[in-house]
Amino acid sequence: MSKPKIAIITGSTRPTRFADIPTKWIEAKAKEHGELDVEVVDLRDYPLPFFDEVASNAWVPSVNEVAKKWQAKLAEFDGYIFVVAEYNRSITGVLKNALDQAYVEWGHKVAGIVAYGSVGGARAAEHLRNIAVELQMVPTRSAVHIGGGDFFKVHPGFGGSGNLADIEGSIGPSAKALLDDVTWWAKATKAARG
């Protein structure tokens, strides 16, 4: 069996986003891990309208060209790792909208999470796990949470270094556990999908 193909989805589009730092970090960790074929998928490249289709593409094909492009991209992958910012105790609006713009493509695939924010993005990660279940994904138990003093230590907007190697001791073991889980579930669900 070929290596599972995993999208690392950058879940924020703000010009000043922190997301690029953990996205590049988990991409490097995944390549180092060696069991996955990863590709970064940036929501900035998919300027989706606010969801306004007749229904989910589970029931009716989407009309919007960007939504169809998004769905086609998602269909290429065996699973996803979401880089998730916590905004007001949940995921970003742009990520929620992107999740809503597809249904068929998400199903029976693994969903891993790298979350960040004041409490490590824990509340956003939990919301994302619930959404993933509804979309018939398999969310992993293991996740990476960048929070508290570690978050401020590396966030350039707060005078931090911008280098996640500075907190490797805190988050490195979580990254390995996440990538091990994503690998196992990606292989299992890929085999089950036939």
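A short tour of the structure in this document, coming up. Quick caveat: nothing in here was measured; it's all calculated off a predicted structure.

**What to know about the overall build of the protein chain**
Reasoning step 1: A count of helical and extended segments in the protein chain gives 6 helices and 6 strands.
Reasoning step 2: C-alpha atoms of the protein chain, sized along the principal axes, occupy 45 × 40 × 25 Å.
Reasoning step 3: Out of the 194 residues in the protein chain, the part that is buried amounts to 49%.
Reasoning step 4: Look at the contacts in the protein chain between residues 6 or more apart in sequence, and 80% of them connect residues 24 or more apart.
Reasoning step 5: For the protein chain, the accessible surface area stands at approximately 9000 Å², while carbon and sulfur atoms represent 55% of it.
Reasoning step 6: Averaging the coordinates of the 22 positive side-chain charges in the protein chain and doing the same for the 23 negative ones gives two points 2 Å apart.

**Observations concerning the pairing of strand S2 (residues 37-42)**
Reasoning step 1: Bridge count between strand S1 (residues 5-10) and S2: 6 bridges; the pairing is parallel. Bridge pairing in S2 links Thr10 to Asp42.

**Quick notes on helix H6 (residues 168-193)**
Reasoning step 1: Over its 26 residues, H6 runs 35 Å from end to end, which matches the ideal 38 Å to within 8%, given 1.5 Å per residue.
Reasoning step 2: When H6 is considered as a whole, its buried residues turn out to be Ile171, Gly172, Ala175, Leu178, Leu179, Val182, Thr183, Ala186, Thr189 and Lys190.
Reasoning step 3: Residues of H6 that are buried in the fold lie against S1, helix H1 (20-33), strand S3 (79-85), strand S4 (110-116), strand S5 (138-139) and strand S6 (144-146).
Reasoning step 4: Downstream of H6 by a residue or two, Gly194 has a phi angle that is positive, lying close to 75 degrees.

**What to know about the pairing of S3**
Reasoning step 1: For S3, a buried count of 7 out of 7 residues is recorded, marking the element as mostly surrounded by other parts of the structure.
Reasoning step 2: Across the two faces of S3 the burial is the same, with Gly79, Ile81, Val83 and Ala85 and Tyr80, Phe82 and Val84 all buried.
Reasoning step 3: Bridging between S1 and S3 involves 5 bridges; their strand directions are parallel. Paired with Thr10 across the strands is Val83, a residue of S3.
Reasoning step 4: Of the pairings in the sheet, the one linking S3 to S4 comprises 7 bridges and is parallel in character. In the sheet register, Gly79 faces S4, and the bridge partner there is Val110.
Reasoning step 5: Each parallel crossover has a hand, and the one from S3 via helix H3 (residues 93-100) to S4 is right-handed.

**Focus on a nonpolar patch on the surface**
Reasoning step 1: On the surface, Val54, Trp59 and Val60 cluster together into a nonpolar patch covering about 390 Å² of accessible area.
Reasoning step 2: Within the secondary structure, Val54 is located in the loop between S2 and helix H2 (65-75).

**Quick word on the packing of aromatic side chains**
Reasoning step 1: Taken as a whole and judged by the stated rule, the model has 13 aromatic pairs.
Reasoning step 2: The structure contains a cluster of three or more aromatic residues connected by ring pairs, namely Tyr46, Trp70, Phe77, Tyr80, Phe82 and Trp106.
Reasoning step 3: For Lys5, the ring lying beneath its charged end belongs to Phe77, and the centroid distance is 5.1 Å.

**A short note on the layout of surface pockets**
Reasoning step 1: Considering only enclosed or pocket space, the largest pocket measures out at about 160 Å³ in volume.
Reasoning step 2: Together, 13 residues line the largest pocket, and Arg14, Tyr87, Tyr116, Phe151 and His155 are the ones closest to its centre.
Reasoning step 3: Looking at the lining of the largest pocket, its residues break down into 6 nonpolar, 4 polar and 3 charged.

Rules behind the numbers
- The written sequence of each chain sets the order in which its residues are numbered from 1.
- For a predicted model such as this one, the threshold for reporting local features is a pLDDT of at least 70, and the threshold for listing and counting side-chain atom pairs is 80 or more; totals across whole chains, interfaces and linings nevertheless cover every residue.
- Each side-chain value is worked out from all heavy atoms of the structure, with water and hydrogens disregarded.
- A run of DSSP states H or I qualifies as a helix once it reaches four residues; a run of E qualifies as a strand once it reaches two. Both are numbered from the N-terminal end.
- Only protein chains enter the accessibility calculation, which uses a 1.4 Å probe; a residue is then buried when its area is under 20% of its type maximum, exposed when over 50%, and partly exposed in between.
- It only takes one pair of heavy atoms within 4.5 Å for two residues to be counted as in contact.
- Residue burial considers only the protein chains on display, and all accessible areas are found by Shrake-Rupley using a 1.4 Å probe.
- Only four residue types enter the charge count, namely Lys and Arg as positive and Asp and Glu as negative; His and the chain termini do not.
- Every charge is mapped onto a representative atom, which is NZ of Lys, CZ of Arg, CG of Asp or CD of Glu.
- Between any two strands, pairing holds if DSSP finds at least two bridges.
- Expected helix span is given by 1.5 Å per residue-to-residue step, counting one fewer step than there are residues.
- Seen with its strands pointing away from the viewer, a crossover is right-handed if its path from the first strand over the helix to the second goes clockwise.
- Patch membership requires more than 30% relative accessible area and the absence of a salt bridge. Residues of like charge join within 9 Å; the nonpolar side chains Val, Leu, Ile, Met, Phe, Trp and Tyr join within 5 Å.
- Salt bridges are defined as contacts in which a side-chain nitrogen from Lys or Arg sits within 4 Å of a carboxyl oxygen from Asp or Glu.
- Within 6.5 Å between ring centres, the rings of Phe, Tyr and Trp (the latter by its six-membered ring) count as paired, and their orientation is classed by plane angle as stacked under 30 degrees, edge-to-face over 60, tilted in between.
- For a Lys NZ or an Arg CZ to count as sitting over a ring, it must be within 6 Å of the ring centre and within 35 degrees of the ring normal.
- Put simply, the grid is 1 Å and covers the protein atoms alone, a cavity is a trapped set of points that fit a 1.4 Å probe, a pocket is an open set with protein on both sides within 12 Å along at least five of seven lines, and lining residues have an atom within 4 Å of a point.
- Grid points are joined across faces, edges and corners, and a volume is the space filled by probe spheres set on the points.
- Amino acids are sorted into nonpolar (Ala, Val, Leu, Ile, Met, Phe, Trp, Tyr, Cys and Pro), charged (Asp, Glu, Lys and Arg) and polar (every other residue, Gly among them).

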